[in-house]
Amino acid sequence: NAGVTQTPKFQVLKTGQSMTLQCAQDMNHNSMYWYRQDPGMGLRLIYYSASEGTTDKGEVPNGYNVSRLNKREFSLRLESAAPSQTSVYFCASSKEEPGNSPLHFGNGTRLTVT
Amino acid sequence: EDQVTQSPEALRLQEGESSSLNCSYTVSGLRGLFWYRQDPGKGPEFLFTLYSAGEEKEKERLKATLTKKESFLHITAPKPEDSATYLCAVQANSNYQLIWGAGTKLIIKP
């Protein structure tokens, strides 16, 4: 099984440019998440989708939008990239809510905004 | 405020030298505590879930324990392949989502 697949693996943007990070899971999981990981900090939740058709803000949603395209796919969009959005972005999925079932992570997208 | 702190930030051990990683937390009612392993350039991988004080879980050379204020990840006779960053996360009764620590980078030298 592929698990959670993220594309692209690396991206460099200029300030003000837009892009969409793609995520797909093949485990028939209900919940999907977008996190960012910065040096010296814990993972921070950007947005999550508890089930197909629903999305909710996490801890750091400003500057981002998401789309739960179907049960498999959950995309993250940066409309106008800023240097503060330089980070590693992880998509994750779980069968149920995170306390009841483990999160399965993709291998991340490393984004640099200049 | 709910918070998770991991220590030390980094730990270097010789192969076979046992030690422990710490995860201390303050939450308004613990629903669960989770340990993950993260290899360089990869996403975190689930290791354990602990729900109540006194609970222990084991997997190969790793054993996780839980008290009312902290969790320990004990590593016994580690091997170089145990080198990774170990992440701790908690879920509070009042919040659906996980609160993550910054991790401990473990390096095992042959």
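Coordinates for the structure precede this section.
Residues numbered from 1 in each chain as written. Chains lettered and ligands numbered in written order. Predicted model: local features only at pLDDT ≥ 70, side-chain atom pairs only at ≥ 80, totals over all residues. Heavy atoms only, no water.

Caption draft 1: Quick look at the overall build of chain A. For chain A, the helix and strand inventory stands at zero helices and eleven strands. Reading the secondary structure of chain A in the N-to-C direction produces β-β-β-β-β-β-β-β-β-β-β. By the compact-globule yardstick of 13 Å for 114 residues, chain A fits well, its C-alpha radius of gyration being 13 Å. Relative to its 114 residues, chain A shows a buried fraction of 49%. (Helix = DSSP H or I, 4+ residues; strand = E, 2+ residues; numbered from the N terminus. Rg over C-alpha atoms; globule rule 2.2 N^0.38 Å. Buried < 20%, exposed > 50% of the residue type's maximum accessible area, 1.4 Å probe, protein only.)

Caption draft 2: Region of interest: the pairing of strand β11 (residues 104-109) of chain B. Residue and element names in this part refer to chain B. Only one face of β11 is buried, namely the one carrying Thr104, Leu106 and Ile108, since none of Lys105, Ile107 and Lys109 on the opposite face is buried. As defined by bridge partners, strand β9 (residues 84-92) adjoins β11 across three bridges and the pair is classed as antiparallel. In the sheet register, Ala84 faces β11, and the bridge partner there is Leu106. (Pairing = 2+ DSSP bridges.)

Caption draft 3: Region of the structure containing the sheet that holds strand β6 (residues 56-59) of chain B. Residues and elements named next belong to chain B. If you walk across this open sheet you meet the five strands as β1-β3-β8-β7-β6, and the pairing is antiparallel. Edge strands, defined here as strands with exactly one partner in the open sheet, are β1 (3-7) and β6. For this sheet, the mean angle separating the axes of adjacent strands, direction not counted, is 15°. Across five bridges, the pairing between strand β7 (residues 62-66) and strand β8 (residues 70-75) is antiparallel. Within the sheet, the bridge partner assigned to Leu66 lies in β8 and is Ser71. (Axes fitted to C-alpha atoms, helices over the stretch in contact; angles between N-to-C directions.)

Caption draft 4: Broad picture of the interface of chain B and chain A. At the junction of the two partners, chain B supplies 18 residues and chain A supplies 22 residues. For the pair chain B and chain A, the summed buried area comes to about 1600 Å², and 54% of that belongs to carbon and sulfur atoms. Taken as a group, B:Tyr96, B:Gln97 and B:Trp100 account for 35% of the area that chain B buries against chain A, more than any other trio of residues on that side. Viewed at the interface, chain A and chain B are joined by one salt bridge. Note that B:Arg31 is salt-bridged to A:Glu97, the shortest N-O span being 3.1 Å. (Contact = heavy atoms within 4.5 Å. Buried area = accessible area lost by both parts, 1.4 Å probe. Salt bridge = Lys/Arg side-chain N within 4 Å of Asp/Glu carboxyl O.)

Caption draft 5: Representation of the state of the cysteines in the model. Residues and elements named next belong to chain B. Under the definition given, this model contains two disulfides over all chains. Each sulfur of the disulfide joining Cys23 and Cys88 lies 1.9 Å from the other. Residues Cys23 and Cys88 are joined by a disulfide whose S-S torsion is about -60°; by sign, that bridge is left-handed. With Cys23 in strand β3 (residues 19-26) and Cys88 in strand β9, this residue pair connects regions lying 65 residues apart in the sequence. Accessibility classification places Cys23 together with Cys88 in one group, the buried group. (Disulfide = S-S within 2.5 Å.)

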